[in-house]
Amino acid sequence: SKFSILLEGPPKQGKTHFATTMPDPTFLVADQNYKAHESHGVRFFVIDNWVEWEQRFRPAITQRIFPGDTIVLDTVSALFRKLERHLAKNNLALEGYQEWNHFRGNAIKLADDLNAARKPEGDHPGYNICVLTHQKTETDTGGNVIGYLPDISSKLDRSFAGLFDAHFCTSVETENDLVRDSKGSPTGETVQTSKYFIHSTPPTSRHNAGDNLGGDGKKYSKLPPKLGNTFPELLKEWGVSDSEPSK
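Residues numbered from 1 in each chain as written. Predicted model: local features only at pLDDT ≥ 70, side-chain atom pairs only at ≥ 80, totals over all residues. Heavy atoms only, no water.

1. Thoughts on the pairing of strand β2 (residues 25-29)
With five of five residues buried, β2 is to be regarded as a mostly interior element. As paired elements, β2 and strand β4 (residues 70-74) share five bridges and run parallel to each other. Across the sheet, residue V29 finds its bridge partner in β4, namely D74. Both β2 and strand β3 (residues 43-46) contribute to a ladder of four bridges, which runs parallel. Paired with L28 across the bridge in β3 is F45. (Buried < 20%, exposed > 50% of the residue type's maximum accessible area, 1.4 Å probe, protein only. Helix = DSSP H or I, 4+ residues; strand = E, 2+ residues; numbered from the N terminus. Pairing = 2+ DSSP bridges.)

Shown next, in the form of structure tokens:
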């Protein structure tokens, strides 16, 4: 089998960048703004609505039709909003227990289908899976920010991450670097650079991001709190190759 990762973060915090560093990715784009994918020069397909996901995209994943070695869903937040609109159109808005079960059932089926696509089938070796999600703040009764959560329906935001091998959040830090001349000497000028990271442990005590791959005490779960925002760097920290089974 391959790896499955849930990656959360605000816009422009490096989610798409991380996904582009995974082996030969194919992006399935539910967000309307897909200019970032054009600028990255990656292969992508746009999901217009939930019915299209069910009738076109899900079968193509389960039948291993999409090209590439990695399936990237960008973002599951946007796809679940399409699901909510689909349910509302069919008089199943998320207002009662029965309606919520429809949403939850579809959401879990989505995760199950993606995870199942990691397994080899016929001549296909299976896909790596990377699911991107926006991030929302968690506040106390006074409106103070106490943490962050995946931007998924409130009844699913804490449990959805547990359906994947690993769950990380992204961040970006801006630094002023010295400009050097051709001889390597400082010119006295500075230039701003952005550095991107993923977090394997909570940036705050309430953040529920984490690395669950392999379970407690096993080699995959021992990561530094912050590491570089690329898949090869993550594999190096895990001590595995991109072809090693995830479990």
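2. Describing unusual backbone geometry
The step from D74 to T75 runs through a cis peptide bond, and the omega angle for that step is -5°. Within the secondary structure, T75 sits in the loop between β4 and α4 (76-89). Located in the positive-phi region is D24, a residue other than glycine, with phi close to 40°. For D24, a relative accessible area of 39% gives the class partly exposed. Its identity is not glycine, yet R64 carries a phi of approximately 60°, on the positive side. As for its placement among the helices and strands, R64 is situated in the loop between α3 (50-62) and β4.

3. Things to note about the nonpolar core
With 32 residues, the main nonpolar core has L28, W53, L73, F80, L110 and F160 as its most contacted residues. Counting residues per element, the ones that place at least two in this core are α3, β4, α4, α5 (97-116) and β5 (128-133). With six residues, α4 is the largest single contributor of residues to this core. Residue contacts for F160: discarding those within four places in its chain leaves L6, V76, F80, A107, L110, A111 and I152. (Core = buried A, V, L, I, M, F, W, Y, C linked by side-chain atoms within 4.5 Å. Contact = heavy atoms within 4.5 Å.)

4. Digging into the confidence of the model for the protein chain
With 79% of its residues at a pLDDT of 70 or more, the protein chain has an overall mean of 80. In this model, residues 202-221 is a region of pLDDT below 50 whose contacts with residues beyond four sequence positions or in other chains number 62 contacts. (pLDDT = per-residue confidence, 0-100.)

5. With respect to the packing of aromatic side chains
In this structure the tally under the stated criterion is nine aromatic pairs. Through a chain of ring-to-ring contacts, three or more aromatic side chains come together here, namely F45, W50, W53, F57 and F66. The ring of F197 is capped by K226, whose NZ or CZ atom sits 4.5 Å from the centre of that ring. (Phe/Tyr/Trp six-rings, centres within 6.5 Å; stacked < 30°, edge-to-face > 60°. Lys NZ or Arg CZ within 6 Å of the ring centre and 35° of its normal.)

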